[in-house]
Amino acid sequence: MHDGEFNLEVPQEVSRATIDALIKGHTGYCNLTGIDVLKSALIERCFQQHNKLYNPAEILVSNGSSQALFMLMKCMLSNADEILIPNPCWPAYRSYIELNGGIAVDYEMGNKGLDIVEIRKLVTFKTKALIINSPHNPTGLTLKRQDILELVALSEEFGFLLISDEAYEGIIFGSSEYVSPLDFMGDSSLLVVTRTFSKLFSMSGFRIGYMFADRKIIDRCSTLQGVMTDNACTFAQHGALAAITLPKSILKKRVDELQHRAYYCHQLLSTTFDIVRPQGGFYLFPDVSRVLGATWNSDIQFVDDLLNVKSVSTTPGSSYGMKDHIRISIASVNEAEIKEACGRIVDFVHHR
Ligand SMILES: Cc1ncc(COP(=O)(O)O)c(C=O)c1O
């Protein structure tokens, strides 16, 4: 239960379009910033969703959104610049920042929303950007409209970039709301949005992600991408184009499946751990502090023992910057496997 990859098959429409592109010979280099049809379709989709119209010079298709985020840090940071990141968070943010000479400054990603007063105190003249990630890896929480509105205001007041990592875009459960700063940002030169085909569409191996940003940022990142990898895989981009034109019913089925798994897993574990019901994405993030006791001295030891004794693989919260928690992914396990794994976890805790 540690994989961040959805095990439903890639939709057939996507596989067919990719194979078709190969057969038709879309196998060479293409426009460095992405094939025009895909960029236009992504711009159109963003307009439909958020009423925000980007220009083709303001989008870059990359080798997964990881590459977009790394390039952004490379292009933006000079010595000891600071980037505010949520705690806990996907560990790559810290690596991208530190590998590029920056300093990651944690702000708390609490269960009850963000504490904007505390975040404001962390802003210094060195603050270059603040990263948000909603739905969130690892907590499964989504940011509230009010939180995003306040972050947008903070970014505009201090002039730092707001980077919205929307890797789990579209994977929203129940009555939770999907809100993006794309809905509110007045000064769009301060907004960067990264998205990916890896999660909802199960296309992690296609390595197609993209970034919307001010054209100056896109220009610098494209130059970098040109010397690093050149364009993202040409025929995979044709597959991505098919993914965004999929009927809504197919996407709904995929989200329903994830929601069913997430709620079921929550139900099975909620009497043993303090655990928040996920609002979107792939993950649950139970607090294990109550059960560690004298048996396990840390979440790392708990996770190791759980693997060794019960053959259930999870990830320690410490890897995401927050000890006394574990991350559970429901992306690559079916209902029967969730039942079996959660049964083992509960047994592990109660019969230590
Ligand atoms: C929060 C978050 N952002 C970005 C990514 C990057 O995904 P990719 O590079 O496959 O687009 C991941 C992958 O796990 C993630 O969890």
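Residues numbered from 1 in each chain as written. Predicted model: local features only at pLDDT ≥ 70, side-chain atom pairs only at ≥ 80, totals over all residues. Heavy atoms only, no water.

1. A look at the side chain of D81
So, step 1. Relative to the elements of secondary structure, D81 occurs in the loop between helix 3 (64-76) and strand 2 (82-87).
So, step 2. Looking at D81, the relative accessible area reads 5%, which means it is buried.
So, step 3. From its side chain, D81 meets the backbone nitrogen of S78 in a polar contact 2.8 Å long.
So, step 4. Contacts of D81, omitting those with residues within four sequence positions, involve M76, G101, G102, I103, K126 and K128. (Helix = DSSP H or I, 4+ residues; strand = E, 2+ residues; numbered from the N terminus. Buried < 20%, exposed > 50% of the residue type's maximum accessible area, 1.4 Å probe, protein only. Polar contact = N/O pair within 3.5 Å; in protein donor to acceptor, adjacent residues only side chain to side chain. Contact = heavy atoms within 4.5 Å.)

2. Concerning the site of the ligand
So, step 1. Taken together, 14 residues lie near the ligand, and S65, S66, D165, T196 and S198 sit nearest.
So, step 2. In this structure, an oxygen atom belonging to the ligand sits 2.7 Å away from a main-chain N or O atom of S65.
So, step 3. Within the contact set of the ligand, a nitrogen atom lies 2.6 Å away from a side-chain nitrogen or oxygen of D165.
So, step 4. When isolated, the ligand has an accessible area of 400 Å², and the protein chains bury 92% of it.
So, step 5. Among the elements that take part in the shell around the ligand, helix 3 stands out by supplying 3 residues, more than any other. (Near = heavy atom within 4 Å. Areas by Shrake-Rupley, 256 points an atom, 1.4 Å probe, with all protein chains shown as cover.)

3. Notes on the domain arrangement of the protein
So, step 1. Partitioning the protein into structural domains gives domain 1 (12-244) and domain 2 (249-350).
So, step 2. A straight line from the C-alpha centre of domain 1 to that of domain 2 covers 27 Å.
So, step 3. On the domain 2 side, the residues contacting the 27 residues of domain 1 number 22 residues.
So, step 4. For the pair domain 1 and domain 2, the summed buried area comes to about 2100 Å², and 61% of that belongs to carbon and sulfur atoms.
So, step 5. Where domain 1 packs against domain 2, one counts 0 salt bridges.
So, step 6. At the junction of domain 1 and domain 2, the tally comes to 12 residue pairs in polar contact (both at pLDDT 80 or more).
So, step 7. Grouping the amino acids of the side of domain 1 that touches domain 2 by side-chain chemistry returns 13 nonpolar, 11 polar and 3 charged. (Domains from an automatic or database assignment. Buried area = accessible area lost by both parts, 1.4 Å probe. Salt bridge = Lys/Arg side-chain N within 4 Å of Asp/Glu carboxyl O. Nonpolar A, V, L, I, M, F, W, Y, C, P; charged D, E, K, R; others polar.)

4. Points about the sheet that holds strand 9 (residues 315-316)
So, step 1. Reading across from one edge, 8-10-9 is the order of the 3 strands in this open sheet, with antiparallel pairing throughout. In this open sheet, the two strands that pair with only one neighbour each are strand 8 (283-284) and strand 9.
So, step 2. Pairing analysis gives 2 bridges linking strand 9 to strand 10 (residues 326-329), with the strands arranged antiparallel. Note on strand 10: the bridge partner recorded for T315 is R327. (Pairing = 2+ DSSP bridges.)

5. Quick look at the nonpolar core
Across soluble globular proteins, nonpolar side chains have a tendency to be buried as a group.
So, step 1. Membership of the largest hydrophobic core comes to 49 residues, with the highest contact counts inside it found for I119, L130, F197 and F212.
So, step 2. Those residues in contact with I119 that lie beyond four places of it in its chain are L84, Y107, L114, L130, L151 and L154. (Core = buried A, V, L, I, M, F, W, Y, C linked by side-chain atoms within 4.5 Å.)

6. Side note on helix 7 (residues 215-228)
So, step 1. Helix length check: helix 7 (14 residues) gives 19 Å between terminal C-alpha atoms against 20 Å at 1.5 Å per residue, within 8%.
So, step 2. Along helix 7, the residues classified as buried are I217, I218, C221, S222, L224 and Q225. Projected down its long axis, helix 7 carries its buried residues within an arc of 165 degrees, all on one side. Away from its buried face, by an angle of more than 90 degrees, helix 7 presents the exposed residues K216, R220, T223 and V227.
So, step 3. Where helix 7 is buried, its residues contact strand 1 (59-63), helix 3, strand 5 (161-165), strand 6 (191-196) and strand 7 (208-212). (Expected span 1.5 Å × (residues − 1). Arc of directions from axis to C-beta.)

7. Considerations on the packing of aromatic side chains
So, step 1. Applying the stated criterion across every chain, the model contains 16 aromatic pairs.
So, step 2. Taking 5.6 Å as the distance between ring centres and 85 degrees as the angle between the ring planes, the aromatic pair formed by W90 and Y93 counts as edge-to-face.
So, step 3. The exposure class assigned to W90 is partly exposed, which follows from its relative accessible area of 25%.
So, step 4. Taken together, a centroid distance of 5.3 Å and an interplanar angle of 70 degrees make the contact between F302 and F348 edge-to-face. With a gap of 46 residues between them, F302 in helix 11 (residues 299-310) and F348 in helix 12 (residues 335-350) connect regions that are remote in the sequence. Of the two residues, F302 and F348, both sit in the buried class.
So, step 5. Taken together, the ring pairs connect Y54, F197, F201, Y210 and F212 into an aromatic cluster.
So, step 6. For the cation-ring pair, K52 lies above Y54, with the distance from its terminal atom to the ring centre recorded as 4.6 Å. (Phe/Tyr/Trp six-rings, centres within 6.5 Å; stacked < 30°, edge-to-face > 60°. Lys NZ or Arg CZ within 6 Å of the ring centre and 35° of its normal.)

8. Observations regarding the packing of helix 2 (residues 36-50) against helix 8 (residues 234-244)
So, step 1. Look at helix 2 against helix 8: their axes get within 9 Å of each other, and the N-to-C directions meet at 25 degrees. Judged by the inter-axis angle, helix 2 sits roughly parallel to helix 8. Two packed elements cross with a definite hand, and for helix 2 against helix 8 that hand is left-handed. Packed against helix 2, whose contacting residues are V37, L38, A41, L42 and R45, the element helix 8 presents Q237, A240, L241 and I244 at the interface.
So, step 2. Split by residue class, the contact of helix 2 with helix 8 holds 7 nonpolar, 1 polar and 1 charged. (Axes fitted to C-alpha atoms, helices over the stretch in contact; angles between N-to-C directions. Parallel < 35°, antiparallel > 145°, perpendicular 65-115°, else oblique. Left-handed = near helix turned anticlockwise from the far one by under 90°.)

9. Thoughts on the pairing of strand 4 (residues 127-133)
So, step 1. Extensive coverage of strand 4 is indicated by the burial of 6 of its 7 residues.
So, step 2. Where strand 2 meets strand 4, 3 bridges bridge the pair, whose relative direction is parallel. What sits directly across from I83, in strand 4, is A129.
So, step 3. As paired strands, strand 4 and strand 5 are joined by 5 bridges and run parallel to one another. By the bridge assignment, I131 is partnered in strand 5 with I163.

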